[in-house]
Amino acid sequence: MPRHHVILDTDIGSDVDDALALVQILGTPAIDLLAVTTVYGDTRLRARIARRYATLAGRDVLPHPGEQRTLSGREVWWAGHEGSLHPELDAEPVAATGAVDRLCEAVLSRPGQVDVVAIGPLTNIAAAIRAEPRFAAAVRGLWVMGGAFADGEAEHNFRSDTVAAREVFDAKIPTVVTGLEVTRQVEIRSEQLARIAASGPAGEALRADVTQWWEYWDTQWNIPHDPVTVLTLVRPDLFTFSGPGRVVIDADGDTAGRSTFVPDEKGWVRVVETADAAAVAEEIVRAIERAGEALPATDLRETVR
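It should be emphasised that the depicted structure is a prediction, and the values quoted were computed from it without experimental measurement. (Residues numbered from 1 in each chain as written. Predicted model: local features only at pLDDT ≥ 70, side-chain atom pairs only at ≥ 80, totals over all residues. Heavy atoms only, no water.)

Caption draft 1: Structural context of the overall build of the chain. Of the regular secondary structure elements, the chain holds 12 helices and 10 strands. A compact globule built from 305 residues should have a C-alpha radius of gyration of about 19 Å, and the chain, at 18 Å, falls within 12% of that. For the chain, the spread of C-alpha atoms along the three principal axes comes to 45 × 45 × 40 Å. Each of the 305 residues in the chain was classed as buried or not, and the buried ones make up 58%. Within the chain, contacts between residues at least 6 apart in sequence are counted, and of these 82% link residues at least 24 apart. When the accessible surface of the chain is summed, it comes to about 12400 Å², and 48% of that surface belongs to carbon and sulfur atoms. Distance from the positive charge centre (30 side chains) to the negative charge centre (46 side chains) of the chain: 5 Å. (Helix = DSSP H or I, 4+ residues; strand = E, 2+ residues; numbered from the N terminus. Rg over C-alpha atoms; globule rule 2.2 N^0.38 Å. Buried < 20%, exposed > 50% of the residue type's maximum accessible area, 1.4 Å probe, protein only. Contact = heavy atoms within 4.5 Å. Areas by Shrake-Rupley, 256 points an atom, 1.4 Å probe, with all protein chains shown as cover. Lys, Arg positive; Asp, Glu negative; His and termini not counted. Charge placed at Lys NZ, Arg CZ, Asp CG, Glu CD.)

Caption draft 2: Seen up close, the side chain of Gln 212. Here Gln 212 lies in helix 10 (residues 201-217). Overall, the relative accessible area of 17% leaves Gln 212 in the buried class. The contacts of Gln 212, once residues within four sequence positions are left out, are His 81, Ser 84 and Leu 85.

Caption draft 3: How the structure looks around helix 2 (residues 43-56). The end-to-end C-alpha distance of helix 2, which contains 14 residues, comes to 20 Å, matching closely the 20 Å that a straight helix rising 1.5 Å per residue would cover. The set of residues buried in helix 2 consists of Thr 43, Leu 45, Arg 46, Ala 47, Arg 48, Ile 49, Ala 50, Arg 51, Arg 52, Tyr 53 and Ala 54. On its buried face, helix 2 sits against helix 1 (17-26), strand 2 (31-38), strand 3 (64-65) and helix 10. Count one or two residues on from helix 2 and you reach Gly 58, which has phi positive near 80°. (Expected span 1.5 Å × (residues − 1).)

Caption draft 4: Quick look at the pairing of strand 5 (residues 141-145). In terms of burial, strand 5 is a largely internal element, 5 of the 5 residues being buried. Here strand 4 (residues 114-118) runs beside strand 5; their pairing, made up of 4 bridges, is parallel. Bridged to Val 116 within strand 5 is Leu 142. In this structure, strand 5 lies alongside strand 6 (residues 175-178), joined through 4 bridges in parallel fashion. Opposite Trp 143, over in strand 6, you have Val 176 as the bridge partner. (Pairing = 2+ DSSP bridges.)

Caption draft 5: Quick peek at helix 7 (residues 162-169). The set of residues buried in helix 7 consists of Thr 162, Ala 164, Ala 165, Val 168 and Phe 169. Looking straight down helix 7, one finds that the buried residues subtend no more than 160° of arc, so they occupy a single side. (Arc of directions from axis to C-beta.)

Caption draft 6: Structural view of the nonpolar core. Counting residues in hydrophobic clusters, the biggest one holds 57 residues, and the most contacted among them are Leu 22, Leu 33, Tyr 53, Val 117, Leu 206, Phe 239 and Val 280. At 7 residues, helix 1 tops the list of elements feeding residues into this core. What Phe 239 contacts, discounting residues up to four positions off in sequence, is Val 228, Leu 231, Thr 232, Val 272, Thr 274, Ala 275 and Val 280. In this structure, Val 100, Ala 127, Trp 268 and Val 269 belong to the second largest nonpolar core, which totals 34 residues. (Core = buried A, V, L, I, M, F, W, Y, C linked by side-chain atoms within 4.5 Å.)

Caption draft 7: View of the packing of helix 11 (residues 225-234) against helix 12 (residues 277-291). Here helix 11 crosses helix 12 at 95°, and the two axes come no closer than 10 Å. It follows from the interaxial angle that helix 11 and helix 12 lie roughly perpendicular. Between helix 11, through Pro 227, Val 228 and Leu 231, and helix 12, the contact on the second element is made entirely by Val 280, Glu 283 and Ile 284. (Axes fitted to C-alpha atoms, helices over the stretch in contact; angles between N-to-C directions. Parallel < 35°, antiparallel > 145°, perpendicular 65-115°, else oblique.)

Caption draft 8: Region of interest: the pairing of strand 10 (residues 269-275). In this sheet, strand 10 lies alongside strand 6 in parallel orientation, the contact comprising 3 bridges. For Val 177, the partnering residue across the bridge sits in strand 10 and is Val 271. Direction of pairing for strand 7 (residues 239-241) relative to strand 10: antiparallel, over a ladder of 3 bridges. The residue bridging Thr 240 from the neighbouring strand is Thr 274, located in strand 10.

Caption draft 9: Spatial organisation of the packing of aromatic side chains. Applying the stated criterion across every chain, the model contains 5 aromatic pairs. Both rings, one in Phe 158 and one in Phe 169, keep their centres 5.4 Å apart while their planes meet at 80°; by these two values the pair is edge-to-face. In this pair, Phe 158 sits in helix 6 (residues 156-160) while Phe 169 sits in helix 7, placing the two residues 11 residues apart along the sequence. For Phe 169, a relative accessible area of 2% corresponds to the buried category. On the basis of an interplanar angle of 50° and a centroid distance of 6.4 Å, the ring pair of Phe 239 and Phe 241 is categorised as tilted. The class for Phe 239 is buried, based on a relative accessible area of 6%. (Phe/Tyr/Trp six-rings, centres within 6.5 Å; stacked < 30°, edge-to-face > 60°.)

In structure tokens:
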């Protein structure tokens, strides 16, 4: 299986799927996790949550706090429970380097080799494109959770920062987008959650956060949007994809954030069309279980100033 050098850009802490995706990545041998960057709202708190999860999985990761405000000026949605089940988060260290600087540094140091998995609003990615003219051309691939391409729904990540989304999709980075019509085919339910909880300290923490998320929405299941997106990179055989095209984002008004895929032979974006839902769910859970096993750690330690 090919080795992927990955930066995870995440709004971890609200919907539990970001935490699931992080632990999944830590349990995926095909991924060399170069960095975690956080975006949207209290990004320092989000970085501390990511640090806590990595530590529980036995990994030394110093996440990089990123852009707090959206480029569009849209107010940040905040559930209010972010990090509430993780005591003494203030003691968790985070990297001194900000997310945008880390993104540019990592990508430009390995041009054409680094994949960016973006599972939150695209503000950090757009800021990196603005900050470094060489950034977009140096990214190997961008793997995005966002959009809805079947019914015109305005999905949260794109709606949260339409300016960023438009700038990222106009930058001509080779991109694969996983929209709601695909992620909603997969569910995490009680039987999968029991396996996750039994996988070790990170799994037990996930159980608590997943349960809190279920209580927040008064459900007994959730959709692992972000873990599904991770799998489009490492297990493309479980999905089908569109041909090349472009993605257009509505900027404002009642349809702000609505995404439309436009087929184009010269395009740089592919949209995920179908998923083997049962196999995808199993792969997600199995990767989280592997994270509880003794995996060789990639040294991501940096000096904290």
